[in-house]
Amino acid sequence: MLITSRGRRIGGRAVLGVVSTLVLGATGFAWSQLHRLDTSLVTADVIPPSAQVPDTPAGEPLTVAQNILLVGLDSRTKPDGTPLSQNVLDALHAGSGDDGGNTTDTMIVVHVPVGGAAATAISIPRDSYVDIPGYGKHKINSAYSRARADQRGKLAQQGMSGPQLEVAADAAGAKSAIAAVQKLTGLTINHYAAVNLSGFAALSQAVGGVQVCLKAPVNDSFSGANFPAGVQTISGTQALAFVRQRHGLPNGDLDRIARQQAFMSAMAKTVLGSGTFTDPSRLSSLVDALEGSVTLDHGWNLLSFAEQLHGLSSGAIAFGTIPVQSLSLATPADGDAVKVDPAQVKQFVQTQISSPDVSASGGTSDPGTVHPSSSGGAVRPIAETTTPTPPAGTPAQPKMTTASGCVN
């Protein structure tokens, strides 16, 4: 059995995963709620022993840098393999249970350095045309669905069915997605967190909504996004539509990534600044929302990890997007894709996670670790998307500024 019910620990749709996974460093009632999650969250055996990291002794800051893959699944099933109801799918503008799905709608690698007081989140466009181990070159979001479909077919022929079949297939998909991300970025993935469509809507409602800002009004029937221009607070299905829309945006997936990063920035500030972890009612709602929507890797000790991130603040989370060379690369079988240069991506990733502008709270640094800054604090603002200057003729990388915080 590849997936167990060892614990509903912490996570979130990738857009929320970096927030809910990295900021639960609290005590008292918050710890009791984390323990409740730790006893019921669905987990998957998807991280090989060679990539697993040892637990840090209780009370000490993070002693080993870690890389976390957060994915948002365009899935029509719950983590336990049971299907989402049609009325839920309709509310989420997700079509029927047979209408596609099972791709990684969002992929974000979060690097947490030694010390645990900073983090760097790097987004990967879902249509990036990359080498998927075992399948050749395809869009990276299909790494999950291709392996999942293959494993599901094999296990079905062996007589497996129902929820057990779905969770086993999900684990195979997760392993493939991890392998593709590792090959592209050069990083070893130590932890994995995934959340389905319905989970994201519930999580955003649990925190009382998140404030965002749009440069112009949008009305997209595909995602259900219908928003005026300017500052507004969104939650539930509105929040899901906000981070899923790509039709009608000037730069497609790149603008969607900018939206996701804007939402993550605002979500972190909302959670860290509104007393969520000292408010029993709000924290209970957040924990309830996580149940039934999140899958984590089997070896992740959430309680220990959260304690090691005790000093993390919203200002210590930096966001970036891998550099792209074209948004309309013609492929043999996958239609138009996003062209990326793996060597350039690897260099970008190393630059981001080694930036002296982000500090760690103690511990000794190692290759691939964020080094302490002279000021003793993270100086890259949470709302900033950083990318290297692209060659002439390449599409502009999406950026947010702390002055406006508005996105397309």
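Residues numbered from 1 in each chain as written. Predicted model: local features only at pLDDT ≥ 70, side-chain atom pairs only at ≥ 80, totals over all residues. Heavy atoms only, no water.

Going by what an unreviewed UniProt entry lists, the protein is known as LCP family protein and is assigned to Amycolatopsis halotolerans. Note on the protein: under the UniProt heading Sequence similarities (unreviewed entry), the record states "Belongs to the LytR/CpsA/Psr (LCP) family." (UniProt positions renumbered as here; feature names shortened; annotations may be inferred.)

Quick look at the overall build of the protein
Secondary structure assignment for the protein yields eleven helices and 17 strands. Every one of the 408 residues in the protein was classed for burial, and the buried ones make up 57%. Within the protein, counting contacts between residues at least 6 apart in sequence, those at least 24 apart form 73% of the total. In the structure as shown, the protein presents an accessible area of about 15,000 Å², 51% of it carried by carbon and sulfur atoms. (Helix = DSSP H or I, 4+ residues; strand = E, 2+ residues; numbered from the N terminus. Buried < 20%, exposed > 50% of the residue type's maximum accessible area, 1.4 Å probe, protein only. Contact = heavy atoms within 4.5 Å. Areas by Shrake-Rupley, 256 points an atom, 1.4 Å probe, with all protein chains shown as cover.)

What about the confidence of the model for the protein?
Taken as a whole, the protein shows an average pLDDT of 76; of its residues, 71% reach a score of 70 or greater. In this model, residues 1-27 is a region of pLDDT below 50 whose contacts with residues beyond four sequence positions or in other chains number 142 contacts. Segment residues 358-392: pLDDT under 50, and 99 contacts once partners within four positions in sequence are set aside and those in other chains are kept. (pLDDT = per-residue confidence, 0-100.)

Quick notes on the pairing of strand E4 (residues 104-112)
Among the nine residues of E4, nine are classified as buried, and the element is accordingly described as predominantly covered. Between E4 and strand E5 (residues 119-123), which pair antiparallel in sequence order, lie six residues; one of them, Gly115, sits at a positive phi of approximately 105°. (Pairing = 2+ DSSP bridges.)

Let's talk about the packing of aromatic side chains
Using the criterion set out here, one finds two aromatic pairs in the structure. Centre to centre, the rings of Phe227 and Phe242 are 6.0 Å apart; their planes meet at 75°, and the pair counts as edge-to-face. One end of the pair, Phe227, is in strand E11 (residues 225-227); the other, Phe242, is in helix H7 (residues 236-244), with 15 residues separating them in the sequence. Taking relative accessible area as the criterion, Phe242 reaches 1% and is therefore assigned buried. By way of ring pairs, the aromatic residues Phe227, Phe242 and Phe263 are connected into one cluster. For Arg259, the ring lying beneath its charged end belongs to Phe242, and the centroid distance is 4.9 Å. (Phe/Tyr/Trp six-rings, centres within 6.5 Å; stacked < 30°, edge-to-face > 60°. Lys NZ or Arg CZ within 6 Å of the ring centre and 35° of its normal.)

Side note on the pairing of strand E13 (residues 294-297)
Two faces belong to every sheet, and in a regular strand the side chains alternate between them. By the alternation rule, side chains of E13 split into Val294 and Leu296 and Thr295 and Asp297, which are all buried. One ladder, built from three bridges, connects strand E2 (residues 42-44) with E13; its direction is parallel. In the sheet register, Ala44 faces E13, and the bridge partner there is Asp297. Looking at chain direction, strand E8 (residues 191-195) and E13 are connected through three bridges and run antiparallel. Its bridge partner lying in E13, Ala193 is registered against Leu296.

Observations concerning the state of the cysteines
Following the criterion strictly, the structure yields one disulfide and no others. The disulfide that involves Cys213 links it to Cys406, with 1.9 Å between the sulfurs. Between Cys213 and Cys406 the sulfur-sulfur dihedral comes to about 60°; the bridge is accordingly right-handed. Here Cys213, found in strand E9 (residues 210-214), pairs with Cys406, found in the segment after strand E17 (385-386); they are 193 residues apart in sequence, far enough to count as distant. Residue Cys213 is classed as buried on the basis of its relative accessible area, which comes to 10%. (Disulfide = S-S within 2.5 Å.)

A word on the packing of helix H4 (residues 142-157) against helix H5 (residues 162-185)
Contact geometry of H4 with H5 gives a least axis separation of 7 Å together with a crossing angle of 145°. Here the hand of the crossing between H4 and H5 comes out right-handed. Every residue of H5 that contacts H4 at Ala143, Tyr144, Ala147, Arg148, Gln151, Arg152, Leu155 and Ala156 is listed here: Leu165, Glu166, Ala168, Ala169, Asp170, Ala172, Gly173, Ala174, Ser176, Ala177 and Ala180. (Axes fitted to C-alpha atoms, helices over the stretch in contact; angles between N-to-C directions. Left-handed = near helix turned anticlockwise from the far one by under 90°.)

As for helix H11 (residues 342-353)
The α-helix advances 3.6 residues per turn, and as a result positions three or four apart in sequence lie on the same side. With twelve residues, H11 ought to run about 16 Å at 1.5 Å a step, and its terminal C-alpha atoms sit 17 Å apart, in line with that. Every buried residue belonging to H11 is among Gln344, Val345, Phe348, Val349, Gln352 and Ile353, and all of these are buried. The buried side chains of H11 occupy one side of the element, clustering within an arc of 155° when seen end-on. Exposed side of H11, more than 90 degrees from the buried face: Ala343 and Gln347 are the residues found there. The residue sitting at the N-terminus of H11 and contributing the capping side-chain oxygen is Asp341; that oxygen lies 3.1 Å from the backbone nitrogen of Ala343. (Expected span 1.5 Å × (residues − 1). Arc of directions from axis to C-beta. Polar contact = N/O pair within 3.5 Å; in protein donor to acceptor, adjacent residues only side chain to side chain.)

A closer look at the side chain of Thr185
Considering the arrangement of structural elements, one finds Thr185 in helix H5. Look at Thr185 and you get buried, because its relative accessible area is 3%. Reaching out from Thr185, the side chain makes a polar contact with the backbone oxygen of Val181 at a distance of 2.8 Å. At 3.2 Å, the side chain of Thr185 and the backbone nitrogen of Leu187 are in polar contact. For Thr185, the residues in contact, after removing those within four places along its chain, are Ile124, Val345, Lys346 and Val349.

Section: H5
Given a rise of 1.5 Å per residue, 24 residues ought to cover 34 Å, and the 35 Å separating the end C-alpha atoms of H5 matches this to within 8%. The element H5 is largely enclosed, with a buried count of 17 among its 24 residues.

Side note on the packing of H5 against H11
Where H5 meets H11, the closest approach of the two axes is 7 Å, and the angle between their N-to-C directions is 85°. The pairing of H5 with H11 is recorded here as roughly perpendicular in orientation. Contacts between H5 and H11 pair Lys183, Leu184 and Thr185 from the former with Pro342, Val345, Lys346 and Val349 from the latter. Grouping the amino acids of the contact of H5 with H11 by side-chain chemistry returns four nonpolar, one polar and two charged. (Parallel < 35°, antiparallel > 145°, perpendicular 65-115°, else oblique. Nonpolar A, V, L, I, M, F, W, Y, C, P; charged D, E, K, R; others polar.)

Remarks on the pattern of salt bridges
Counted according to the given criterion, the structure contains ten salt bridges. A salt bridge links Asp334 to Arg146; its shortest N-O distance comes to 3.7 Å. Highlighted residues: Asp334 in the loop between strand E15 (326-330) and strand E16 (336-339) and Arg146 in helix H4, separated in sequence by 188 residues. Assessed through its relative accessible area of 17%, Asp334 is described here as buried. For Arg146, a relative accessible area of 26% translates into the label partly exposed. The partner of Arg148 in a salt bridge is Asp170, and the shortest N-O contact between them spans 2.6 Å. In this pair, Arg148 sits in helix H4 while Asp170 sits in helix H5, placing the two residues 22 residues apart along the sequence. (Salt bridge = Lys/Arg side-chain N within 4 Å of Asp/Glu carboxyl O.)

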